[in-house]
Amino acid sequence: MTEINLVHIMRLLIKDYEKVYGQARFEIKMIDGTFTLIDIHQQLLDLSNLQRNNVIGKKISELPIKSDWTGKLLSIFEKAWKGKETIYYLFPPTNDNVFLVVLLEAIVKNGEIDRIEGCCAPLESAELKGRFMESILFHDDET
């Protein structure tokens, strides 16, 4: 069996999404030893039901995310900061209808990591849940 490269598949998903709907990206920079959101595209703000002034310049711990996700995101961003291409998913607490697939990539400038860029593709969570439940029911019917 051939091994599937999940990062490659997610990158293709996000690129296809961006071709049709535009970019939903954000940037994180290390400022005074803390990951800080320095930029976010309007489309991602709209998908997350957020306002630019509520997130720009905020540390990860200050963002409107569930408190138990803060530590997880810090760990994910640390891996990305070390140059490891990283994927994760997130249900934004400000929009229950969206499931975000996020690919993080370190941006190098003058030979050093300057920032992390996050590229996102949203999936409708109701559709995802519906399809998941259908596939479980279909599988159960076969046994």
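Up top you'll find the structure we're talking about.
Residues numbered from 1 in each chain as written. Predicted model: local features only at pLDDT ≥ 70, side-chain atom pairs only at ≥ 80, totals over all residues. Heavy atoms only, no water.

## Some details on the nonpolar core
One recurring pattern in soluble globular proteins is that nonpolar side chains are buried together. Ranked by internal contacts, the top residues of the largest apolar core, which has 32 residues, are F26, I28, I60, L73, F77, Y88 and L104. When residues of this core are traced back to their parent elements, those giving at least two are α1 (6–21), β1 (25–31), β2 (34–40), α2 (42–48), α3 (67–81), β3 (86–90), β4 (98–109) and β5 (112–124). If we ignore the near neighbours within four places in the chain, the residues touching F77 are F26, I28, F35, I60, Y88, L104 and I116. (Core = buried A, V, L, I, M, F, W, Y, C linked by side-chain atoms within 4.5 Å. Buried < 20%, exposed > 50% of the residue type's maximum accessible area, 1.4 Å probe, protein only. Helix = DSSP H or I, 4+ residues; strand = E, 2+ residues; numbered from the N terminus. Contact = heavy atoms within 4.5 Å.)

## Considerations on the pairing of β4
Two faces make up the sheet, and in a regular strand the side chains alternate between them. With 9 of its 12 residues buried, β4 lies for the most part within the structure. As paired elements, β3 and β4 share 5 bridges and run antiparallel to each other. Bridge pairing in β4 links T86 to L104. Bridge count between β4 and β5: 12 bridges; the pairing is antiparallel. Paired with V98 across the strands is E124, a residue of β5. Taking the residues between adjacent antiparallel strands as the criterion, β4 and β5 are bridged by 2 residues, where N110 takes a positive phi near 55 degrees. (Pairing = 2+ DSSP bridges.)

## Considering empty space enclosed by the protein
Under the definition given, this model contains 1 cavity of 30 Å³ or more. For the largest cavity, the calculated volume is near 310 Å³. Together, 22 residues line the largest cavity, and S48, L50, L63, I65 and L90 are the ones closest to its centre. Along the lines of polarity and charge, the residues of the lining of the largest cavity split into 20 nonpolar, 2 polar and no charged. (1 Å grid on protein atoms, 1.4 Å probe; cavity = no way out; pocket = protein on both sides within 12 Å on 5 of 7 lines; lining within 4 Å. Points joined across faces, edges and corners; volume = space filled by probe spheres on them. Nonpolar A, V, L, I, M, F, W, Y, C, P; charged D, E, K, R; others polar.)

## Points about a nonpolar patch on the surface
Among the surface-exposed residues, I4, L6 and I9 lie close enough to one another that they form a single nonpolar patch of about 290 Å² accessible area. Mapping L6 onto the fold places it in helix α1. (Patch = residues over 30% accessible without salt bridge, like charges linked within 9 Å, V, L, I, M, F, W, Y side chains within 5 Å. Areas by Shrake-Rupley, 256 points an atom, 1.4 Å probe, with all protein chains shown as cover. Salt bridge = Lys/Arg side-chain N within 4 Å of Asp/Glu carboxyl O.)

## Considering the packing of aromatic side chains
Under the defined criterion, the tally for this structure stands at 6 aromatic pairs. Aromatic side chains F35 and F77 sit 5.9 Å apart centroid to centroid with 55 degrees between the ring planes, which places their arrangement in the tilted category. Separated by 42 residues along the polypeptide, F35 in strand β2 and F77 in helix α3 bring together distant segments of the chain. Here F35 and F77 have matching classes, each one buried. By the ring-pair criterion, three or more aromatic residues cluster together here, those being F35, F77, W81 and Y88. (Phe/Tyr/Trp six-rings, centres within 6.5 Å; stacked < 30°, edge-to-face > 60°.)

## Some details on the side chain of T86
Within the fold, T86 resides in strand β3. A distance of 2.7 Å separates the side chain of T86 from the backbone oxygen of K84, its partner in a polar contact. (Polar contact = N/O pair within 3.5 Å; in protein donor to acceptor, adjacent residues only side chain to side chain.)

## What about the environment of T34?
Along the chain, T34 falls in strand β2. The class for T34 is partly exposed, based on a relative accessible area of 25%. In contact with T34, not counting residues within four places along its chain, are K29 and K59.

## Notes on the side chain of N95
Within the secondary structure, N95 sits in the loop between β3 and β4. Only 3.0 Å separates the side chain of N95 from the backbone nitrogen of N97, close enough to count as a polar contact. Once residues within four sequence positions are removed from consideration, N95 is found in contact with L47, S48 and N49.

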